[in-house]
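Structural overview
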Amino acid sequence: MVWPYVLMELIPGRTLANSLNKLSREQRLSYIKSIARLQASLSKPLLFDRIGSIEGGDGQHVVGPLMTLTQECLGGPYKSMEDLWRAQLEQQFLHVLSEWCSLEKDLFQSVSEPECTPQMFAELFQLLSSLIPHFQPPKSYLPLVLHHPDIAFRNILFDESSISTGDLKITGLIDWGGAQILPAKYPDDLRTIGEDPFEKPGWDYNEDWYTVPCDGTSTGFSSQWPIAYGLGPEPIDYRPSVRGVINKFYLRAYFSVCYAEQLRTLHGDADLARATLFRDATYYMKFNEVVCGGWQNWVRHRTWIRETYWRLRMVGHGGKESEELIIGPNMYLGSVEEPLRDLGIFGEYPVAVEYEHSTEPPYKYVPKMYHK
């Protein structure tokens, strides 16, 4: 009889906590410094020249198809982000050809998916495709690095003596399944979503970013907070959670500074662009999340897609080889609807019109043919 066995290596150390809110202010700063050093150590450019997930066997490691944390396969490996994005668009197009050519009416909907018409799909498909050349990151941001898919409390081990002194030292990082070769992202413990801990008035929750932090910086009026009850008769006290969300906004800024410092210390890298990588990457992270999230994500973020297209068109953003960095507001709220003239009829979409900025009040973008 052959007995199965598993060989494992013991890594010293223990996890710290399961929430930043459970740490003192001093411990939070020490934790941020330690994960910034960890992220910087992983950010040394590698010899791999493909985007994908690490596959191992017989002592060899290669880059295979790109797998998400939920083990969804995105295909590949890919030579560039453009190849990845175009493959995702094509995959969704093949899905539509397979599933949507027998619709009895011009509407696709199900209980768990947003409503979408063939016309909307075709519009968003074309807009995303046209935006890909504009979202090629400047060359300073392009070196591919080893990416742990889930840098969070539960996967980081700390030296026990360092926990008691407050000067945290990492002894190990576990759960490397799904490791990827990709540009970096914020550690999971520093991310917040728009509805965490609840939706804020005036925020467009048709958009639900998961890889991009929601930058909440104020509590709002507590009298407008929703009322919910826990296990007992007393309402839930949201104040700690709200403060925790705001706290992460400042900790993300601190992480970015520590990350840049560690890049210089560990790799001698003082490149200004990489030093502000996490500050500058928001729009690129959004674009990647939208494209790779399937047609359902396109529909949820249709405002962002449309406005990004029109804003770039209005400002005359450069082409594929442009070194211009794309930055902008964290969330769109229909702010270009007024200057656009929708000439669509019966559900058709706007005719392409050239726009320019008027030189007389009211100052706004108007079609050239109407400008006086």
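Residues numbered from 1 in each chain as written. Predicted model: local features only at pLDDT ≥ 70, side-chain atom pairs only at ≥ 80, totals over all residues. Heavy atoms only, no water.

**So, the nonpolar core**
Applied cut-off: Working definition of a nonpolar core: buried Ala, Val, Leu, Ile, Met, Phe, Trp, Tyr and Cys residues. They are joined through side-chain atoms within 4.5 Å. Each residue is placed in one exposure class: buried if its accessible area under a 1.4 Å probe, protein chains only, is under 20% of its type's maximum, exposed if it is over 50%, and partly exposed if it falls in between. Contact definition: two residues touch when any of their heavy atoms are within 4.5 Å.
Core analysis: the biggest nonpolar cluster contains 68 residues, and Tyr31, Trp85, Phe135, Phe255, Phe287 and Trp298 have the highest contact counts within it. For tryptophan 85, the residues in contact, after removing those within four places along its chain, are Ile132, Phe135, Gln136, Phe287, Asn288, Val291 and Cys292. Membership of the second largest hydrophobic core comes to five residues, among which are Phe198, Trp225, Tyr238 and Ile246.

**Remarks on a nonpolar patch on the surface**
To keep things clear, this is the line we draw: Residues enter patches when their relative accessible area tops 30% and they take part in no salt bridge; the joining distance is 9 Å for like charges and 5 Å for the nonpolar side chains Val, Leu, Ile, Met, Phe, Trp and Tyr. Residue exposure ignores everything except the shown protein chains as possible cover, and the areas themselves are Shrake-Rupley values with a 1.4 Å probe. A side-chain nitrogen of Lys or Arg and a carboxyl oxygen of Asp or Glu constitute a salt bridge if their distance falls within 4 Å. Secondary structure counts use DSSP, requiring at least four H or I residues in a row for a helix and at least two E residues in a row for a strand, with both numbered from the N terminus.
Residues Phe93, Leu94 and Leu97 make up a contiguous nonpolar surface patch of roughly 280 Å² in combined accessible area. Along the chain, leucine 94 turns up in helix H2 (residues 81–99). With a relative accessible area of 52%, leucine 94 lands in the exposed category.

**Considering the packing of H2 against helix H3 (residues 118–131)**
Operational definition: Each axis is a line fitted through C-alpha atoms, taken for helices only over the stretch in contact, and angles between the N-to-C directions span 0 to 180 degrees. Orientation is classified from the angle alone, with under 35 degrees giving roughly parallel, over 145 giving roughly antiparallel, 65 to 115 giving roughly perpendicular, and any other angle giving oblique. By the definition used in this description, the sense in which the near helix is turned from the far one sets the handedness, with an anticlockwise turn below a right angle giving left-handed and a clockwise turn giving right-handed.
At a minimum axis distance of 11 Å, the contact between H2 and H3 shows a crossing angle of 165°. What the angle tells us is that H2 and H3 run roughly antiparallel. Once H2 is placed against H3, the crossing between them reads as left-handed. In this structure, H2 contributes Arg86, Leu89, Gln92, Phe93 and Val96 to the contact, and H3 contributes Phe121, Phe125, Leu128 and Ser129.

**Thoughts on the pattern of salt bridges**
A complete count under the given rule lists nine salt bridges for this structure. A salt bridge links glutamate 82 to arginine 86, with the shortest nitrogen-to-oxygen separation between them at 3.3 Å. You can see glutamate 82 and its partner arginine 86 sitting in helix H2, four residues apart, about one turn around the helix. Note that arginine 239 is salt-bridged to aspartate 237, the shortest N-O span being 2.9 Å. By relative accessible area, which is 47% here, arginine 239 ends up partly exposed.

**Considerations on the environment of proline 133**
Residue position: proline 133 is located in the loop between H3 and strand S5 (145–147). Its relative accessible area of 22% is what places proline 133 among the partly exposed residues.

**What to know about the layout of surface pockets**
So the rule is basically this: Here the term cavity refers to a set of points on a 1 Å grid, laid over the protein atoms alone, in which a 1.4 Å probe fits but cannot get out; the term pocket refers to an open set having protein on both sides within 12 Å along at least five of seven lines, with lining residues being those that place an atom within 4 Å of a point. Grid points are joined across faces, edges and corners, and a volume is the space filled by probe spheres set on the points. Polarity classes work like this: nonpolar for Ala, Val, Leu, Ile, Met, Phe, Trp, Tyr, Cys and Pro, charged for Asp, Glu, Lys and Arg, and polar for all others, with Gly in that last group.
In this structure, the largest pocket spans a volume of roughly 1,200 Å³. Those elements that provide at least two residues to the lining of the largest pocket are H2, strand S8 (180–182), helix H8 (282–292) and helix H9 (294–300). Within the lining of the largest pocket, the residues separate by chemical class into 21 nonpolar, twelve polar and six charged.

**Observations regarding the packing of aromatic side chains**
Each aromatic ring pair is summarised here by two numbers: the centre-to-centre distance and the angle between the ring planes. What counts here: Two rings from Phe, Tyr or Trp (for Trp, the six-membered ring) form a pair when their centres sit within 6.5 Å of each other. Planes less than 30 degrees apart are called stacked, planes more than 60 degrees apart edge-to-face, and all others tilted.
Overall, the coordinates contain 20 aromatic pairs when judged by the stated rule. Each ring, one from tryptophan 85 and one from phenylalanine 287, has its centre 4.9 Å from the other, and the planes form 85°; the classification is edge-to-face. You can see tryptophan 85 sitting in helix H2 and its partner phenylalanine 287 sitting in helix H8, a full 202 residues away along the chain. Judged by relative accessible area, which is 2%, tryptophan 85 ranks as buried. Of the residues examined, phenylalanine 287 reaches a relative accessible area of 0% and is grouped as buried. Each ring, one from phenylalanine 121 and one from tryptophan 298, has its centre 5.5 Å from the other, and the planes form 20°; the classification is stacked. With a gap of 177 residues between them, phenylalanine 121 in helix H3 and tryptophan 298 in helix H9 connect regions that are remote in the sequence. As far as the burial class goes, phenylalanine 121 and tryptophan 298 line up, both buried. Chaining the aromatic ring pairs together yields one cluster made of Phe93, Trp100, Phe108, Phe121, Phe125, Trp295 and Trp298.

**Examining H3**
Operational definition: Take the number of residues in a helix, subtract one, and multiply by 1.5 Å to get its expected span.
Look at H3: 20 Å from first C-alpha to last across 14 residues, which is about the 20 Å you get at 1.5 Å a residue. Those residues of H3 that sit buried are Met120, Phe121, Glu123, Leu124, Phe125, Leu127, Leu128 and Leu131. Looking at the buried side of H3, the elements it contacts are H2, strand S4 (113–116), H8, H9 and helix H10 (302–315).

**Thoughts on the pairing of S4**
Condition: One bridge is not enough; two strands pair if DSSP finds at least two bridges between them.
Across two bridges, strand S3 (residues 108–110) lies against S4 in antiparallel orientation. If you follow serine 110 over to S4, its bridge partner there is glutamate 113. The hairpin turn running from S3 into S4, its antiparallel successor, is two residues long.

**Some details on H2**
Spanning 19 residues, H2 covers 27 Å between terminal C-alpha atoms, matching the ideal 27 Å at 1.5 Å per step. By the burial criterion, the buried members of H2 are Met81, Glu82, Leu84, Trp85, Gln88, Leu89, Gln92 and Val96.

**A short note on the confidence of the model for the chain**
Put simply, the rule reads: You can read pLDDT as the predictor saying how much it trusts each residue, on a scale of 0 to 100.
Mean pLDDT over the chain: 81, with 81% of residues reaching 70 or higher. Confidence over residues 345–354 falls short of pLDDT 50; this stretch has 18 contacts with residues more than four positions distant or in other chains.

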